[in-house]
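# Results of the structural survey
Here's the letter readout for the chains.
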Amino acid sequence: NVTGDLGESTGGVTDALRQRNMFFFGGDLAEVEHVMTHEMVHQFQYDIFARGHSGNGLQQLASSQPPLWFAEGMAEYLSVGPNHPATEAIVRDAALNGNLPTIEKMTKQPDRYFPYRYGESFWAYIGSRWGDEIIGEIMQAMTTVGIERAFKRHTGFDLDELSDEWRE
C-alpha cells in the first residue's frame with residue numbers, strides 16, 4: 001500500500017525522501033538479513049546525499065543519478081561480501097561467452113545487463129584492489145564531483161580504464 005505494486009520479486013525498498021526501509025519477512029531469515037542489509041546500504045547512500053538531514057540532497061541525487069550498477073551493485077557487495085557464488089557464476093558465464101558488459105553498457109542499458117550482479121562484481125574488483133574503504137570515499141566524493149571524477153580521484157583511473165581492467 002505504501003509504494004504501489006513493485007512486483008513479486010522485490011524484496012525491499014528504501015524511500016529516499018524519508019530515508020526509511022520497507023522489506024518483507026517472506027523468505028528464510030538469511031535472505032531477510034540480506035535484503036535488510038542491502039536496503040540499509042541504500043539508507044546510508046541517501047544519508048550521504050542528504051548530509052545527515054532526511055529529505056535534503058534530493059535535487060543533488062536527481063542530478064547525479066547514480067547508475068543502477070553503482071547503487072545496486074554497491075548495496076549487493078556491501079550486503080553479501082566479496083564471495084557470492086550466484087554473482088560469480090553469472091559473471092563467469094558472461095566472461096566465458098564474451099558477454100561481460102562494459103561500465104558504459106551497464107550505465108546506458110541497465111535493463112539488459114543485470115546491475116545487481118555485474119555491479120556487485122565490479123565493486124568486488126574495486127574492493128579487492130584498493131580495499132573496501134575506498135568504496136565510502138568514492139561514494140562521498142561522487143556527491144560533489146560526479147562518478148567519473150570520484151573514481152579518477154581515488155583510484156587514479158577513469159571508468160573506461162577500470163571497466164577494461166575489471167573485464168580482463
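First, a word on what this report is: a plain description of the structure on this page. Please read all numbers here as calculations on a predicted model, not as lab measurements. (Residues numbered from 1 in each chain as written. Predicted model: local features only at pLDDT ≥ 70, side-chain atom pairs only at ≥ 80, totals over all residues. Heavy atoms only, no water.)

If you check helix H1 (residues 29-50), its first and last C-alpha atoms are 31 Å apart, about what 22 residues at 1.5 Å a residue would give, namely 32 Å. At the N-terminal boundary of H1, the capping side chain belongs to Asp-28, with an oxygen 3.0 Å from the backbone nitrogen of Ala-30. (Helix = DSSP H or I, 4+ residues; strand = E, 2+ residues; numbered from the N terminus. Expected span 1.5 Å × (residues − 1). Polar contact = N/O pair within 3.5 Å; in protein donor to acceptor, adjacent residues only side chain to side chain.)

Helix-helix packing is characterised by the crossing angle of the two axes and by the distance between the axes. Between helix H7 (residues 133-145) and helix H8 (residues 147-155), the shortest axis-to-axis distance is 8 Å and the interhelical angle comes to 140 degrees. Considering their axes alone, H7 and H8 lie oblique with respect to each other. For the crossing formed where H7 meets H8, the hand is right-handed. Contact with H7, carried on its side by Ile-134, Glu-137, Ile-138, Ala-141, Met-142 and Val-145, involves Ile-147, Arg-149, Ala-150, Phe-151, Arg-153, His-154 and Thr-155 of H8 and no other residues of that element. Partitioning the contact of H7 with H8 into residue classes produces eight nonpolar, two polar and three charged. (Axes fitted to C-alpha atoms, helices over the stretch in contact; angles between N-to-C directions. Parallel < 35°, antiparallel > 145°, perpendicular 65-115°, else oblique. Left-handed = near helix turned anticlockwise from the far one by under 90°. Contact = heavy atoms within 4.5 Å. Nonpolar A, V, L, I, M, F, W, Y, C, P; charged D, E, K, R; others polar.)

Once that is clear, we can look at the packing of aromatic side chains. If you walk through the whole model with that rule in mind, you get twelve aromatic pairs. Aromatic side chains Phe-114 and Tyr-116 sit 5.7 Å apart centroid to centroid with 40 degrees between the ring planes, which places their arrangement in the tilted category. The class for Phe-114 is partly exposed, based on a relative accessible area of 40%. Of the residues examined, Tyr-116 reaches a relative accessible area of 29% and is grouped as partly exposed. (Phe/Tyr/Trp six-rings, centres within 6.5 Å; stacked < 30°, edge-to-face > 60°. Buried < 20%, exposed > 50% of the residue type's maximum accessible area, 1.4 Å probe, protein only.)

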